[in-house]
Amino acid sequence: MDKLTEELLHKKIGVRVLGKRLELLQEFQNLKKLRDNARPKVFLDSLKVFNDPIHGHIEVHPLCVQIIDTPQFQRLRYIKQLGCSYLVFPGAAHNRFEHSLGVSHLAGILCRTLQERQQDLNITEKDILCVEIAGLCHDLGHGPFSHMFDQLFIPAVRPDSNWTHEKASMDMFDYLIEANQLKDVFAKYGLDAQDISFIKEQIAGPQEQHNKSWPYRGRTKDKSFLYEIVANKRNGIDVDKWDYFLRDCHNLGISSSFDCHRFMKFSRVIEVDGKKQICARDKEVGNLYDMFHTRNSLHRRAYQHKVNKIIESMLVEALVKANDHFLVKGKEGKMLKISEAIDDMVAYTNMTDDIILQIMRSDDPALAESRRILEMVQRRQLYKCIGQTQPPDGTFIDRNRVPEMKEEIIGAQETKDMDGVQLTADQLIIHIVDLNYGMGRKNPIDHMRFYSKANPQQAVVVRKGQVSQMLPERFAEQHIRVYCKRRDPEYINKAFECFQSWCDKKNYTVQKAGNVHDPELTPAKSGSQEDNRTPEKQKSRTRLSM
């Protein structure tokens, strides 16, 4: 049926009338679509249902279940989704495991929605299964405490490395298939080497730039929209974000007004500049601004929380000091440093959040300094935030300038002739906090295309001015936070004096830690004295302007 052509019907089968040949060819093509889109009987018999607190009862394909029931995937149960945020927000105890299930579920819903509404896209069950597997496996490569590992620890111990957790996800996916003999199971469900490439490309992008016009091998250009579902490199609007928005807000106790299910109902694939893209109904532009406002709010109130970030720095400091002494068993029993485990999936499988507990329980003298720092975290003896500031509008500071900034700050001791204790650069920690809508200074909505009810085949750009005059003028800002490792009052006061002097010289406005009220940093507590003396009609919380 796959090779049937009009010529074969004429010459080999003997159908002489052209109209009849075309009619038969159409019928066979319809049958082929039915065959491709039909669910295998084994799928219906082996369907597994998970009860998820965010999405309710979700159905999982048996191949996905086989992937889930492996040590490589189960390790995600022991990696916190929000890393150190759990040490600040007690509800943030969810892990990468349940997030991965949720992303796979939403990926399948979006795929099936497009399949049902636009049959001309020829989305097959195999396409949907590959997208679901990509959603399931997209975070396999995360290390201990999630982004703390790949964004802070690895750059500290391997500054020249271009390693990413997406690359580790691909390596772990290959190892998962090999270690659990799943290649035949993939073949049982009709997935071949090309489909496996498609799954990996959705996670980490094209592997080789073999074709400038279309760099992907897994699927042809006419299915380019499938690459926008799990990890959308064009505008960041994808099911990965949708799940973590819902899940993180639920566990952090932060509200969100973005509705991903409504967005999916108004999604449509339209060709734009020669590529098929997922577009949205024009009236959904406000819903998308709500989505990016949710992202911004989560970063302000949780991900970039000043206590969360200093705990991250302290854990990284402990891991850096332990790197040469805490060894992990890898392939063929080889013992590897923590920083070397990323190159060996056998070792990396054993790298989870419990590495911190292993160090604390160790009696190795070489790990004494790491244990001291980790015990400080447990006792809440954290490095002190002495203040923060913002560069002037339109100014952004490169993180490579942090060592220079430390020297400038402590240099104020000499220029101001300050008495008392003397600060050194290694006693200061500076965090450059970037807050944006996910694309640096750009507005991600400018990279989204919309369609109207009157013309659903034409994709257009909806500019910010067409939506509302109350939307943000800028889509990125920076904060500079300074911490002091010494907790003695004289050191803290000296650090603040130096920081104040540095800010005055730069013409920055300094905000002393503890004296600044930012309503977006911490959710309001019910029953507080402020609530009791606030009139009912004025109790709504202050929000950042959209």
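These figures come from a predicted structure and were not determined experimentally. Sequence order sets the numbering: in each chain, residues are counted from 1 along the sequence as written. Per-residue local features of the predicted model are confined to residues with pLDDT of at least 70, and side-chain atom pairs are confined, for both listing and counting, to 80 or more; whole-chain, interface and lining totals are unaffected and use all residues. Heavy atoms throughout the structure, all of them, feed into the side-chain values; hydrogens and water do not.

**Considering unusual backbone geometry**
Phi at Glu332 takes a positive value of approximately 60°, unusual for a residue other than glycine. With respect to the helices, strands and loops of the structure, Glu332 is situated in the loop between strand E5 (327-329) and strand E6 (335-337). Residue classification places Glu332 among the exposed residues on the basis of a relative accessible area of 79%. Strands here are runs of E lasting at least two residues and helices are runs of H or I lasting at least four, both read from the DSSP assignment and numbered beginning at the N terminus. Relative accessibility under 20% of the residue-type maximum defines a buried residue, over 50% an exposed one, and the middle range a partly exposed one, all with a 1.4 Å probe and only protein chains included.

**Brief notes about helix H22 (residues 489-506)**
Relative to the 26 Å expected for 18 residues at 1.5 Å per residue, H22 spans 26 Å between its end C-alpha atoms, a close match to the ideal helical length. Taken together, the buried positions of H22 are Tyr491, Ile492, Lys494, Ala495, Phe496, Cys498, Phe499, Ser501, Trp502 and Cys503. When checking whether two residues touch, look at their non-hydrogen atoms; a contact exists if any pair is within 4.5 Å. Looking at the packing, one finds that the buried side of H22 touches strand E7 (384-389), helix H19 (402-410), helix H20 (412-415), strand E8 (428-436), strand E10 (476-484) and strand E11 (510-512). One or two positions beyond H22, positive phi appears at Asn507, with a value near 65°. Here, expected helix span is obtained from the residue count minus one, scaled by 1.5 Å.

**Some remarks on the packing of helix H12 (residues 239-252) against helix H14 (residues 285-303)**
In this analysis, axes come from line fits to C-alpha atoms, helices being fitted only over the stretch in contact, and the angle between any two N-to-C directions falls in the range 0 to 180 degrees. At their nearest, the axes of H12 and H14 sit 11 Å apart, and the two run at 45° to each other. Here H14 runs oblique to H12, going by the angle between their axes. Note on packing geometry: the crossing formed by H12 with H14 is left-handed. Across from Lys241, Trp242, Tyr244, Phe245, Asp248, Cys249 and Leu252 in H12, the residues of H14 making contact are Met291, Thr294, Arg295, Leu298, Ala302 and Tyr303. Any residue outside Ala, Val, Leu, Ile, Met, Phe, Trp, Tyr, Cys, Pro, Asp, Glu, Lys and Arg is labelled polar, Gly included; the first ten of those are nonpolar and the last four are charged. Of the residues assigned to the contact of H12 with H14, the class counts are nine nonpolar, one polar and three charged. Our angle categories are set so that under 35 degrees counts as roughly parallel, over 145 as roughly antiparallel, 65 to 115 as roughly perpendicular, and the remainder as oblique. Two helices crossing with the near one rotated counterclockwise from the far one by less than a right angle form a left-handed crossing, whereas a clockwise rotation gives a right-handed crossing.

**What about the sheet that holds E8?**
Ordered by their spatial adjacency, four strands build an open sheet running E8-E10-E7-E11, and the pairing between neighbours is antiparallel. The open sheet terminates on both sides in strands that have one partner only, identified here as E8 and E11. Between one strand axis and the next, the sheet turns by 25° as a mean value, whatever way the strands run. In this sheet, E10 lies alongside E7 in antiparallel orientation, the contact comprising five bridges. Following the sheet pairing, Gly387 is matched in E10 by Val482. Those strands touched by H14 are E8 and E10, and its axis lies near 165° from that of E8. Whether two strands pair depends on DSSP finding at least two bridges between them.

**Quick notes on the sheet that holds strand E9 (residues 450-451)**
Strand order in the open sheet made by the three strands is E3-E4-E9, with mixed pairing throughout. Of all the strands in the sheet, the pair left with one neighbour each is strand E3 (267-272) and E9. Across two bridges, strand E4 (residues 275-281) lies against E9 in parallel orientation. Paired with Ala280 across the bridge in E9 is Phe450. Packed onto the sheet, helix H6 (residues 96-117) meets E3 and E4 and runs at close to 70° relative to E3.

**Re the packing of aromatic side chains**
Aromatic pairs are defined between Phe, Tyr and Trp rings, using the six-membered ring for Trp, whenever the two ring centres lie within 6.5 Å; interplanar angles under 30 degrees are classed as stacked, those over 60 as edge-to-face, and all others as tilted. Counting across every chain of the model gives 17 aromatic pairs. Measuring from centroid to centroid gives 6.1 Å for Phe173 and Phe186, while their planes differ by 70°, and the two rings are edge-to-face. One end of the pair, Phe173, is in helix H9 (residues 165-179); the other, Phe186, is in helix H10 (residues 183-188), and 13 residues separate them in sequence. Here Phe173 matches Phe186 in class, with each residue buried. Their ring planes at 70° and their centres at 5.8 Å tell us that Trp214 and Tyr227 sit as a pair that is edge-to-face. Here Trp214, found in the loop between helix H11 (193-204) and H12, pairs with Tyr227, found in the loop between H11 and H12; they are 13 residues apart in sequence, far enough to count as distant. By the burial criterion, Trp214 is buried, and Tyr227 matches it. By the ring-pair criterion, three or more aromatic residues cluster together here, those being Phe149, Phe153, Trp163 and Tyr348. Cation placement over rings: the criterion is NZ of Lys or CZ of Arg within 6 Å of the ring centroid and within 35° of the ring normal. Arg77 extends its terminal NZ or CZ atom over the ring of Phe97, reaching a point 3.9 Å from the ring centre. The ring of Tyr491 carries Arg486 above its face, with NZ or CZ at 4.0 Å from the centroid.

**Observations regarding the pairing of E8**
Most of E8 is tucked away: eight of the nine residues are buried. Examined bridge by bridge, E8 and E10 share nine bridges and lie antiparallel to one another. Within E10, the residue paired with Leu428 across the bridge is Cys484.

**Quick notes on the pattern of salt bridges**
Pairing between side chains becomes possible if they bear opposite charge and their charged atoms approach one another. Counted as salt bridges are all cases of a side-chain nitrogen of Lys or Arg within 4 Å of a carboxyl oxygen of Asp or Glu. With the rule as written, the count across this model stands at 27 salt bridges. A salt bridge links Asp195 to Lys126; the shortest N-O distance between them is 3.4 Å. With Asp195 in helix H11 and Lys126 in helix H7 (residues 125-137), this pair connects stretches of sequence that are 69 residues apart. Two residues, Arg399 and Asp434, come together in a salt bridge whose shortest N-O distance is 2.6 Å. Residue Arg399 is found in the loop between E7 and H19, and its partner Asp434 is found in strand E8; the two are separated by 35 residues along the sequence. Classification of Asp434 as partly exposed rests on a relative accessible area of 26%. Connected through shared salt-bridge partners, Lys126, Asp127, Asp195, Arg219 and Lys223 make up one network.

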